[in-house]
Amino acid sequence: MHGDHLSGPVFRGQRRGFMLVLSSPSGAGKTTLSKRLLTQNPDLVLSVSATTRAPRPGEKHGEDYYFMEQGEFIAKTKSNEFYEWAKVFDHYYGTPKGPVEEALEEGRDVIFDIDWQGAQALAESAPQDVVRVFILPPSLKLLRDRLHKRAQDSDEVIEGRMNRAKAEIEHWNEYDYVVINDDFSRALEKLSQILHAERLKRSRHPWIEGFVDALMEE
Ligand SMILES: Nc1ncnc2c1ncn2[C@@H]1O[C@H](COP(=O)(O)OP(=O)(O)OP(=O)(O)O)[C@@H](O)[C@H]1O
Ligand SMILES: Nc1nc2c(ncn2[C@@H]2O[C@H](COP(=O)(O)O)[C@@H](O)[C@H]2O)c(=O)[nH]1
């Protein structure tokens, strides 16, 4: 029965995966939201970025980021190993190509936590495969509070990130969806709804054409 292909492992390979891209000003909650979405959906793949910034307490190489020196990062840009890369808050960040391509070809959806520059680059390179979600904080005051409560950056770094917040927010209308992360559970539920609705889109299920043809022949 073809309808069974809409869920479960049989579904894999029936379609190419898509890229669920989350952006927001720093501290709005996209990392926390994406980690929870991944826990709820173990079939989703996280795109682990490379960065030249130093690890925060508790961050693990290969899990949160691939931490590397600037020289190694630049060499990788030259050998075309990134889908996209950008300078954000004085450090380099980039999306390694290999794991993302592999996951998409296996029909697995990949979640990204990247800035507006990265989101634009992905959407330009693969417009059919990219779903963009912008996460907004309820207010700039609460954004600052969250950055302080996270307690992982110096006051100077936090001020730098707050100074960039409006420049990031200016790109909100380039995104397919906007979610205000006020109540965390509600924001997570919205993100989950976006993921599941996108998975059901007709354009992602070319096999349905054959199913309808067969139906019409009955
Ligand atoms: N809805 C929420 N209400 C209150 N606190 C929240 C909410 N969502 C996330 N937070 C907290 O806000 C802080 C910042 O969240 P997070 O690190 O996920 O932001 P981010 O957008 O990924 O930031 P960055 O771009 O700097 O990586 C964390 O301490 C997180 O626990
Ligand atoms: N264009 C890209 N932006 C990225 C990537 N990985 C992370 N980011 C963005 O950088 C800032 C800062 O992140 P932080 O972990 O230092 O707080 C944030 O907006 C991320 O979304 C990437 O591969 N490409």
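Bear in mind the structure is a predicted one, so any value in this text is a computation, not a measurement. (Residues numbered from 1 in each chain as written. Chains lettered and ligands numbered in written order. Predicted model: local features only at pLDDT ≥ 70, side-chain atom pairs only at ≥ 80, totals over all residues.)

The subject of this paragraph is the overall build of the chain. For the chain, the helix and strand inventory stands at 8 helices and 9 strands. Here the chain has a C-alpha radius of gyration of 19 Å; the compact-globule value for 218 residues is 17 Å, and the two agree. Expressed along its principal axes, the backbone C-alpha trace of the chain runs to roughly 70 × 40 × 30 Å. Per-residue burial over the chain gives 26% buried out of 218 residues. Long-range contacts, defined as pairs at least 24 residues apart, comprise 70% of the intrachain contacts of the chain with a sequence gap of at least 6. (Helix = DSSP H or I, 4+ residues; strand = E, 2+ residues; numbered from the N terminus. Rg over C-alpha atoms; globule rule 2.2 N^0.38 Å. Buried ≥ 20, exposed ≤ 12 C-beta atoms within 10 Å, placed from the backbone. Contact = placed C-beta atoms within 7 Å.)

Right, let's talk about the site of ligand 1 for a bit. Neighbouring ligand 1 are 14 residues, the closest being S26, G29, T31, T32 and R146. Elements with a contribution of two residues or more to the shell around ligand 1: α1 (30–40), α5 (140–150) and α7 (184–199). Tallied by class, the residues present in the shell around ligand 1 amount to 3 nonpolar, 7 polar and 4 charged. (Near = placed C-beta within 6 Å. Nonpolar A, V, L, I, M, F, W, Y, C, P; charged D, E, K, R; others polar.)

Looking now at the site of ligand 2. In the vicinity of ligand 2, 15 residues are found, and the nearest of them are S49, A86, Y93, I114 and G118. Within the residue set of the shell around ligand 2, elements represented by two or more residues are β5 (82–88), β6 (91–96) and α4 (116–125). Residues belonging to the shell around ligand 2 are distributed by class as follows: 5 nonpolar, 6 polar and 4 charged.

This part is about the sheet that holds strand β3 (residues 50–51). Pairing is mixed across the open sheet formed by 4 strands, whose spatial order is β4-β3-β6-β5. Bordering the open sheet on either side are β4 (66–67) and β5, each of which pairs with just one other strand. For β3 and β4, the ladder comprises 2 bridges, and the chain directions are parallel. In the strand pairing of β4, A50 is matched with Y66. Relative to the sheet, helix α2 (residues 70–78) contacts β3, β5 and β6, its axis offset from that of β6 by approximately 45 degrees. Sitting on the sheet, helix α3 (residues 97–105) is in contact with β5 and β6, with an inclination near 30 degrees to β6. (Pairing = 2+ DSSP bridges. Axes fitted to C-alpha atoms, helices over the stretch in contact; angles between N-to-C directions.)

A separate point is the sheet that holds strand β8 (residues 130–136). The sheet built from 5 strands is open, its strands ordered β2-β7-β1-β8-β9 with parallel pairing. Two strands lie at the open edges of the sheet, namely β2 (45–46) and β9 (177–180), each paired on one side alone. As judged from the 5 bridges shared by strand β1 (residues 19–23) and β8, these two strands associate in the parallel manner. Bridge assignment links S23 to a residue of β8, and that residue is F134. With respect to the sheet, α1 is in contact with β1, β2, β7 (110–113) and β8, its orientation differing from that of β7 by roughly 165 degrees. Docked against the sheet, α7 engages β1, β8 and β9, running at close to 160 degrees with respect to β9.

The subject of this paragraph is the nonpolar core. One finds M19, L20, V21, L22, F112, V133 and I135 to be the most contacted residues of the largest nonpolar core, which totals 35 residues. Every element with two or more residues in this core is listed here: β1, β5, β6, β7, α4, β8, α5 and α7. Those residues in contact with V21, other than ones at most four positions away along the chain, are F112, I114, A119, L122, V130, V131, R132 and V133. (Core = buried A, V, L, I, M, F, W, Y, C linked by C-beta atoms within 7 Å.)

So, on to the confidence of the model for the chain. Of all residues in the chain, 94% attain a pLDDT of 70 or more, and the chain-wide mean is 92. Residue range residues 1–13 is modelled with pLDDT below 50. Its contacts to residues more than four positions away, or to other chains, number 12 contacts. Predicted as a complex, the structure gets a pTM of 0.93 and an ipTM equal to 0.98. (pLDDT = per-residue confidence, 0-100.)

A few words now on unusual backbone geometry. A positive phi is found at N80, a non-glycine position, where the angle reads about 60 degrees. Within the element layout of this structure, N80 appears in the loop between α2 and β5. You can call N80 exposed: it has 8 C-beta atoms within 10 Å. Even without being glycine, D90 reaches a positive phi, approximately 70 degrees. Tracing the backbone through its elements, the reader meets D90 in the loop between β5 and β6.

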